[in-house]
Amino acid sequence: MPALDGTILFLEHRRGTGLGEVDRALTQLARSRALNGLRGVVLGGFLGFERDADDPTLGGWGIVDVLRDRLARLGVPVLGGIPAGHGPHPPTIPLGTEAALDTTAGTLTIRAAVV
């Protein structure tokens, strides 16, 4: 896995088996210290998780609760609601290029990967 120190991490997911898969992945990354040094997190689409809050077996938790619980511990800015990921017509998000995250304005500005 590449070093994430000094980077903004983009996360998105399409529901497979449930909330546990997202929880396990984030817990494993945090415990392995792979997330140490992150500058921020950007959240794209988490498709198929809309019904979780109505599931009594989950204690009322939904995807937002899991993400908030795991990501708040990182102490970095988190911006959600970016229309990218597994949805229809997803935008291309270049990897390894410079980006700026502004949670107050609710923006992610990404420098073009190719000029």
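Structure: above.
Draft legend 1. Local environment of the packing of helix α1 (residues 19-31) against helix α2 (residues 63-72). The interhelical angle for the contact between α1 and α2, taken along N-to-C directions, is 10 degrees, at an axis separation of 10 Å. Judged by the angle between their axes, α1 and α2 are roughly parallel. Contacts between α1 and α2 involve L19, V22, D23, L26 and T27 from the former and I63, V66, L67, R70 and L71 from the latter. Residue composition of the contact of α1 with α2, by class: 7 nonpolar, 1 polar and 2 charged.

Draft legend 2. The sheet that holds strand β2 (residues 40-47), seen in detail. Read across the sheet, 3 strands follow the order β1-β2-β3 without closing on themselves; strand pairing throughout is parallel. Each end of this open sheet is capped by a strand with a single partner; those strands are β1 (8-14) and β3 (78-79). The pairing of β2 with β3 spans 2 bridges and is parallel. Bridging across to β3, V41 finds its partner in V78. Along the sheet, α2 contacts β1, β2 and β3; its crossing angle with β2, the most-contacted strand, is approximately 160 degrees.

Draft legend 3. Representation of the packing of aromatic side chains. Within the structure shown, the criterion is met by 1 aromatic pair. With 6.5 Å between their ring centres and 65 degrees between their planes, F46 and F49 make a pair best called edge-to-face. The class for F46 is buried, based on a relative accessible area of 14%.

Draft legend 4. Structural view of unusual backbone geometry. One non-glycine residue with positive phi stands out, namely R33, at about 70 degrees. If you trace the backbone, R33 turns up in the loop between α1 and β2. The exposed category is assigned to R33, whose relative accessible area is 62%. Residue H89 is not a glycine yet carries a positive backbone phi of 55 degrees. Looking at where H89 falls in the secondary structure, it is placed in the loop between β3 and β4 (99-102). You can call H89 exposed: its relative accessible area is 78%.

Draft legend 5. Quick look at α1. Compared with an ideal rise of 1.5 Å per residue, which puts 13 residues at 18 Å, α1 spans 18 Å between its outermost C-alpha atoms and is within 8% of the ideal. What α1 keeps buried is the set L19, E21, V22, L26 and T27. The secondary structure elements touched by the buried residues of α1 are β1 and α2. Directly beyond the C-terminal end of α1, a positive phi value near 70 degrees is found at R33.

About the thresholds
Residues numbered from 1 in each chain as written. Predicted model: local features only at pLDDT ≥ 70, side-chain atom pairs only at ≥ 80, totals over all residues. Heavy atoms only, no water. Axes fitted to C-alpha atoms, helices over the stretch in contact; angles between N-to-C directions. Helix = DSSP H or I, 4+ residues; strand = E, 2+ residues; numbered from the N terminus. Parallel < 35°, antiparallel > 145°, perpendicular 65-115°, else oblique. Contact = heavy atoms within 4.5 Å. Nonpolar A, V, L, I, M, F, W, Y, C, P; charged D, E, K, R; others polar. Pairing = 2+ DSSP bridges. Phe/Tyr/Trp six-rings, centres within 6.5 Å; stacked < 30°, edge-to-face > 60°. Buried < 20%, exposed > 50% of the residue type's maximum accessible area, 1.4 Å probe, protein only. Expected span 1.5 Å × (residues − 1).

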